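Tertiary structure, described
In case you want the letters, here they are:
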Amino acid sequence: MSFKHVVSERDARVDARESGTVVEVSRGIATVDGLPNVQSDELLRFAGNRYGFAFNLDRHRVGCVLLDEGESLQSGTTVERTGRVLDTPVGAELLGRVIDPLGRPLDGGHRLTGLQRMPCERPAPGIMNRAAVSVPLQTGMKVIDGLIPIGRGQRQLVLGDRQTGKTSIAVDTIINQRNSGVICVYCSIGQRSTNVARVIATLRSHDAMEHSIVVIGADDAPPGVQFIAPYAATTIGESFMHQGHDVLIVYDDLTSHARAYRHVSLLLRRPPGREAFPGDIFFVHSRLLERSTHLRAAFGGGSLTALPIIETEAQNVSGYIPTNLISITDGQLYLSPKLFHLGVLPAVDVGRSVSRVGGKTQFPAYRRVAGDLRLAYSQFEELEKFARFSSQLDEDTRATLDRGLRVREVLKQARHELLSVPQQIGSMVALTSGAFDSLPVDHIRQAERTIHRTLQEECPGLCERISAGQKLSDQDFQQLKEFVHRAISEAAQVGP
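Definitions and cut-offs
Residues numbered from 1 in each chain as written. Predicted model: local features only at pLDDT ≥ 70, side-chain atom pairs only at ≥ 80, totals over all residues. Heavy atoms only, no water. Pairing = 2+ DSSP bridges. Helix = DSSP H or I, 4+ residues; strand = E, 2+ residues; numbered from the N terminus. Contact = heavy atoms within 4.5 Å. Axes fitted to C-alpha atoms, helices over the stretch in contact; angles between N-to-C directions. Buried < 20%, exposed > 50% of the residue type's maximum accessible area, 1.4 Å probe, protein only. Salt bridge = Lys/Arg side-chain N within 4 Å of Asp/Glu carboxyl O.

1. Observations concerning the sheet that holds strand S12 (residues 212-217)
An order of S8-S12-S11-S13-S14-S10-S15-S16 is seen for the 8 strands of this open sheet, with the pairing classed as mixed. Looking at the sheet topology across the chains shown, the edges are occupied by strand S8 (98-99) and strand S16 (354-355). Here strand S11 (residues 183-189) pairs with S12 via 6 bridges, running parallel. Within S12, the residue paired with Ile189 across the bridge is Gly217. Running over the sheet, helix H3 (residues 166-175) touches strand S10 (157-160), S11, S12, strand S13 (246-252), strand S14 (303-311) and strand S15 (331-335) and is turned about 160 degrees from S14. In this fold helix H6 (residues 254-267) packs onto S11, S13 and S14, with an angle of close to 75 degrees to the strand it touches most, S14.

2. Here we look at the environment of His257
Tracing the sequence through the fold places His257 in helix H6. Residue His257 is classed as buried on the basis of its relative accessible area, which comes to 0%. Each C-alpha atom of the pair His257 and Phe227 lies 5.7 Å from the other, and the pair is 30 residues apart in sequence. Beyond its immediate stretch of four places on either side in the chain, His257 contacts Ile189, Gln226, Phe227, Pro230, Tyr231, Val284 and His285.

3. Concerning the environment of Ala201
Along the chain, Ala201 falls in helix H4 (residues 193-205). Classification of Ala201 by relative accessible area gives partly exposed; the value is 44%. The sequence separation of Ala201 and Thr255 amounts to 54 residues, and the corresponding C-alpha distance is 24 Å.

4. Some remarks on the pattern of salt bridges
As enumerated under the stated definition, the model contains 25 salt bridges in all. In this structure, Arg465 engages Asp476 in a salt bridge whose closest nitrogen and oxygen atoms are separated by 2.8 Å. Linking Arg465 in helix H15 (residues 460-467) with Asp476 in helix H16 (residues 474-494), this pair joins segments that are 11 residues apart in sequence. Asp476 gets classed as buried once you look at its relative accessible area, which sits at 11%. Taken together, the salt bridges that share partners define one network made up of Arg130, Arg155, Glu290 and Asp330.

5. Quick look at the sheet that holds strand S4 (residues 50-57)
What links the strands of a sheet is backbone hydrogen bonding, and the strands pair in either a parallel or an antiparallel sense. Spatial strand order, S1-S2-S5-S4-S3-S6: 6 strands in a closed barrel with antiparallel pairing. Shown here is a sheet whose adjacent strand axes are inclined to one another by a mean of 45 degrees, direction ignored. Pairing of S4 with strand S5 (residues 61-66) involves 5 bridges; the strand directions are antiparallel. Within S5, the residue paired with Phe53 across the bridge is Val65. Taken strand by strand, H6 contacts strand S1 (19-26), strand S2 (29-34), S4 and S5, and its axis lies near 70 degrees from that of S4.

Put into structure tokens, the structure is as follows:
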């Protein structure tokens, strides 16, 4: 073959690439000279196959947030545009995997190649694309499903001091979705690696990783990775939502996310505001949480339920970040350190918790048996404080305190001890009908186990109707009352 023939067959193309150089490097950020046509949030490639994205578009320079460690970067290092915005892989192949926000595996499994990629930053669905929240998201916990219910498509904030069980509630909620068809995304932001490993081990031991995806922005990762982690996790959840699936996403936690955003913003000379957070921190979180919704059937009909977690300091719920997120979300679960130290788990403070949407989705059986429990329990807690200072109490006060102690005992639930809807209804019917009144408080837990163990065997039809969310008749409730009284009597005869 002649030289001319080879040259004529070769299709030579000129590929124009825009490159710049690093001027300055700090922890997690880099200032780049050049790149006059770079776009906001565009992915940039540094020498050594390291990545970052354009964050500040100044007149002559570009402020870049690093997505890899920058020890090898120095002044003069070459940086190129990639031509694509910051994105993450999506698809069913991610189920059961542990990845970082860019889609790089962290579980030692095979690389994720050939998957569709979608931008991490996406606009929230329009108002006309949304439908009312109409289906409950069962957590398996009596105090939440009965008193502070959550609906699919709702944004329910979980807040409290350190070590009060916030992550445990989120993990138990994920475990409870095993047979519900709900896909779960757990996003860790700035958490210790040992804590994240414990969560992953728990999910695997309860066969919950099959319907879950874990996205990690580790505490030792650059602040940019922690900042984009919740946006990437939301994009992954949205891809399933638009296909008609129900999705649950947990952000653990957004306090660390706010700190990571403050870190990169201050280094890039963005003006600080209250508590040194940038003035747009509210917008940063609102544009993230507004993406959680329930879509109309014409737009897929799926839902994305968000459980953002934040950490308070010394029970201060009026701090800057907590008040911001309380105003963005549709309700909050407040976890009390006092209840936690008393062993009342989950340590949900019923009086300070609220669900502004989920009550409309609650099954009718809950409304009938748990309608007055919330108010009665809140009154008991207030009365309990004053009763300590009085040695003589009237009969009505004693009766209220005795009933309140039984309500508290019934609402207690051990970690990973999740209950089905019929089991929860059985416990609440026994409580409201007075079946537990004759039992010592320390015998209630054993009586509950008896009810849970035999309910499905003796009342299968009733359990099916409860699980299906059907409205129960007076005859059904009478049958349920008779069953729980009989079960408690038999348990009392056998003994604890």
